[in-house]
Amino acid sequence: GDEQDPSQGDRHYYDYGPNCMNVSNLPPTRFMSEYGLQSLPSLASLATQMKPSDLHIGSPLLQHRQHHLNGWEELNAQLRRYFASPTGKAGSIVEFDAYIYLTQLLQARCIGAWTETWRRRRDEAGYYTRGAMYWQLNDVWHAPTWSSVEFGGHEKMLHSTIRRAFAPLAVVGWLDAHAETVSISFVADELPASALAKGACKLELSSHPWRGEKPTHVQTFDCQLSKHSSSMIVSQPIEKVLGEGATVRSHFVRATVYATGLPTAFSHIYPSDADPLGFQAVALPTAHITVTVPDQVKANFATVMISTDFPAVGVWLEAGGGPDHLSERLHGYWSDNSFDLVANEKRNVTFFLDDNDDAAAVDLAQLRKLLRVVHLASATAPTKKEEGVAVN
């Protein structure tokens, strides 16, 4: 069929101009077979192909590797739309590392939101979108591209985000075109028998102050599980969701769905996405994040506990590869990554060594030495980005 006809066939989406978090811009389609947004590969990956003198924003070699017409202009316009400037001295490797992080966070948030939107529209009149395939999974070189996995296998932030977006049970929260209404849906594919036997689920909708220790307004709603379906649980004016005294710049929203036999599913709604200044309109707190590494491990994986005092957006863990350990990196992947935390939250995540790693167990001393955590506030703060992170 005609790829531009929403009633038949499939469609591609590569419109880089609009506000990428305004999902009302997304076109209707029965099957979205290709869509994407660029980001840069990690600093350590670029360092295998570029001299240290080339590892900076505006590097001629990096500019040469951009093969998408107007790619830098489009990418930088979106970055300026949502985020403050990257931390670090101009021209420094610290600034470049923060810039890379911001490109990956932008890609992850936008492509994640697009994917969730097409998934929730599977049963919506005028859409009936029954499939979506993002571009692209992996890569053939280290350059600005649309991939979620770098050449060599290192995962970008998008890869963790897309796993959650395509999870068997996904919670989707979004703002309407005028940022006046918050809506929450859940999308279910195949569900385990234990979840279907119980049938019920519960949604908790909580409003969190950026600089508070607990939510200031909480609502709960009952919901029903049904496989191969998309159901809206609630839609309310944003003022009612945020609660009395809260504003779109002082608070954000977390939607949590609990269901028997399924992992707890989260979605975060940031009213700042609709603000012309994006997150620059929010006084992001300097979250102090602690990562606790186990004392012993006898396997090719290790589970660490992450905790924070204040909310943190886009929490990203890496086992090395930052400006301080450019040539050192444990090769592996995390069970979850690129996630958001509310105040005083604790979360366990597991680091797995690559299957082709000959080590019998994770080297905990190396993991403690190399482990670093980046989040939005640390990547856009005026001070060095690793401040406020402790590894125990």
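Computed from a predicted model, the values in this text were never measured in an experiment.

Draft legend 1. Broad picture of the packing of aromatic side chains. Applying the stated rule across the entire model yields 15 aromatic pairs. Aromatic side chains Phe83 and Phe279 sit 6.3 Å apart centroid to centroid with 20° between the ring planes, which places their arrangement in the stacked category. Separated by 196 residues along the polypeptide, Phe83 in the loop between α3 (71-82) and α4 (93-120) and Phe279 in the loop between β9 (265-269) and β10 (289-292) bring together distant segments of the chain. Each member of the pair, Phe83 as well as Phe279, is classed as buried. Geometrically, the ring pair formed by Trp210 and Phe279 is edge-to-face, given 6.4 Å between the ring centres and 80° between the ring planes. Residue Trp210 is found in the loop between β5 (200-209) and β6 (217-224), and its partner Phe279 is found in the loop between β9 and β10; the two are separated by 69 residues along the sequence. Ring pairs connect the aromatic residues Tyr82, Phe83, Trp210, Phe252, Tyr270 and Phe279, which therefore count as one cluster. Sitting over the face of the ring of Phe339, Arg347 holds its NZ or CZ atom 4.6 Å from the ring centroid.

Draft legend 2. Here's a closer look at the pairing of strand β12 (residues 312-319). The element β12 is largely enclosed, with a buried count of eight among its eight residues. In terms of strand pairing, β12 meets strand β14 (residues 339-341) through two bridges, oriented antiparallel. The partner of Ala312 across the bridge, within β14, is Leu341. In terms of strand pairing, β12 meets strand β16 (residues 371-374) through four bridges, oriented antiparallel. Each residue of the ladder has a partner; that of Leu317, found in β16, is Val373.

Draft legend 3. Representation of the sheet that holds β5 within the structure. Read from one edge to the other, the open sheet built from four strands follows the order β6-β5-β8-β9, with strand pairing classed as antiparallel. Taken across any chain shown, the strands that pair with only one partner, and hence form the sheet edges, are β6 and β9. Averaged over all pairs of adjacent strands, the angle between strand axes in this sheet comes to 20°, irrespective of strand direction. Both β5 and strand β8 (residues 251-259) contribute to a ladder of nine bridges, which runs antiparallel. Bridge pairing links Lys202 to Tyr258 in β8.

Draft legend 4. Region of the structure containing empty space enclosed by the protein. The final tally for this structure, using the stated rule, is five cavities of 30 Å³ or more. For the largest cavity, the calculated volume is near 120 Å³. Looking at the lining of the largest cavity, the elements that each hand over two or more residues are β12 and β13 (332-334). Considering every element that reaches the lining of the largest cavity, the biggest residue donor is β12, with four residues.

Scoring rules and cut-offs
Residues numbered from 1 in each chain as written. Predicted model: local features only at pLDDT ≥ 70, side-chain atom pairs only at ≥ 80, totals over all residues. Heavy atoms only, no water. Phe/Tyr/Trp six-rings, centres within 6.5 Å; stacked < 30°, edge-to-face > 60°. Helix = DSSP H or I, 4+ residues; strand = E, 2+ residues; numbered from the N terminus. Buried < 20%, exposed > 50% of the residue type's maximum accessible area, 1.4 Å probe, protein only. Lys NZ or Arg CZ within 6 Å of the ring centre and 35° of its normal. Pairing = 2+ DSSP bridges. Axes fitted to C-alpha atoms, helices over the stretch in contact; angles between N-to-C directions. 1 Å grid on protein atoms, 1.4 Å probe; cavity = no way out; pocket = protein on both sides within 12 Å on 5 of 7 lines; lining within 4 Å. Points joined across faces, edges and corners; volume = space filled by probe spheres on them.

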